[in-house]
Amino acid sequence: MLFEIRHSIRFSYERPVFLEPMIVRLSPRQDVTQRLISHELTVTEAPAGHSLILEPDGTDARVLWFSDKREHLQLQVLSVVETLRCNPFDWILTHPPAQRLPASYPAAEAASLAPSLSTTSGVSEPDSTPVGAWAAGIAAEVEHSTPDFLMRLADEIHHGFHHIGRLDGEPFSPEDTLSSRCGACRDTAMLYVMACRSQGLAARFVSGYSMHHPPEVSEHELHAWAEVYLPGGGWRGYDPSLGLAVADGHVALAASHDHLMAAPTTGTYRGTDVGSQLSYIIELKVSDPEPEPGEEAA
């Protein structure tokens, strides 16, 4: 699919403030799942300087820094992306201990994936946590099959939870989302991540866009889902708010074991008792790409 994305973000402050350096993660990934055709970021008013960087998780980001006080900052992004993965199930598991749950990885992969395996709960037995016990129950229902668990988990969250639109704020804790059976896409994404980790599967948080319009939102918003690492399959996306395996209907911006490292922007400002407001507009145009010269249309 061909995505034309217009994303405008505006920060407004009650009076002039000094902006600390800001990290911007609004450039779509370029990898085996999607091809970045063009990308343009416009900053109003222009910053004092900027630098393109590669973050620890491999995200392409831009650091902006400022030399003057300001009451507004606007970021305008225009990106064109072709998504490439038509079949989300075109993989095999090449490491037998990852085929059944709880899963394990080859030593070298496990060391590299360590941050995405951590439950950060400090509990030695994952089944003793509410999320771990819930995930263990789902694993038992599918006879501990890893592929079946991943789809059953997404389906359980999609059909068994009340999905809401929530414009700002960090994700709720996975425990709170499970207890309330309610949350926005970033809340259910983090629940999915932690449920997978409790079963020994490396999982991380993803931010980006989706052509699928969730019924709980009335207009396009930044979307969130999860990716799970499978030996032989690599990182594979699962969208629990929509109940599906991710194919060519999603465009990823950033992915990280820590959801804060996948936020579209990260920054602070200096100003005593100064309030701020964030507003944004996202416009998506999605179409089938034109076939290459000499290539027959499917």
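Attention now moves to the pattern of salt bridges. Here the structure, examined in full by the defined rule, presents eleven salt bridges. A salt bridge links R270 to E20; the nearest nitrogen and oxygen atoms lie 2.7 Å apart. With a gap of 250 residues between them, R270 in strand β15 (residues 269-270) and E20 in the loop between β1 (2-19) and β2 (22-24) connect regions that are remote in the sequence. Judged by relative accessible area, E20 falls into the partly exposed class, the value being 24%. A salt bridge links R181 to E156; the shortest N-O distance between them is 3.3 Å. Taken as a pair, R181 in the loop between α5 (174-180) and β8 (182-183) and E156 in helix α4 (residues 146-160) lie far apart in primary sequence, 25 residues in all. On the basis of relative accessibility, which here comes to 30%, the residue R181 falls in the partly exposed class.

Within strand β11 (residues 234-239), five of the six residues are buried, which leaves it mostly tucked inside the rest of the structure. Pairing geometry for strand β10 (residues 223-230) and β11, over five bridges, is antiparallel. Of the residues in β11, the one forming a bridge with V228 is R236. Taking the residues between adjacent antiparallel strands as the criterion, β10 and β11 are bridged by three residues, where G232 takes a positive phi near 95°. Sheet analysis places β11 next to strand β12 (residues 244-245), joined by two bridges and oriented antiparallel.

Parameters and conventions
- Residues numbered from 1 in each chain as written.
- Predicted model: local features only at pLDDT ≥ 70, side-chain atom pairs only at ≥ 80, totals over all residues.
- Heavy atoms only, no water.
- Salt bridge = Lys/Arg side-chain N within 4 Å of Asp/Glu carboxyl O.
- Helix = DSSP H or I, 4+ residues; strand = E, 2+ residues; numbered from the N terminus.
- Buried < 20%, exposed > 50% of the residue type's maximum accessible area, 1.4 Å probe, protein only.
- Pairing = 2+ DSSP bridges.

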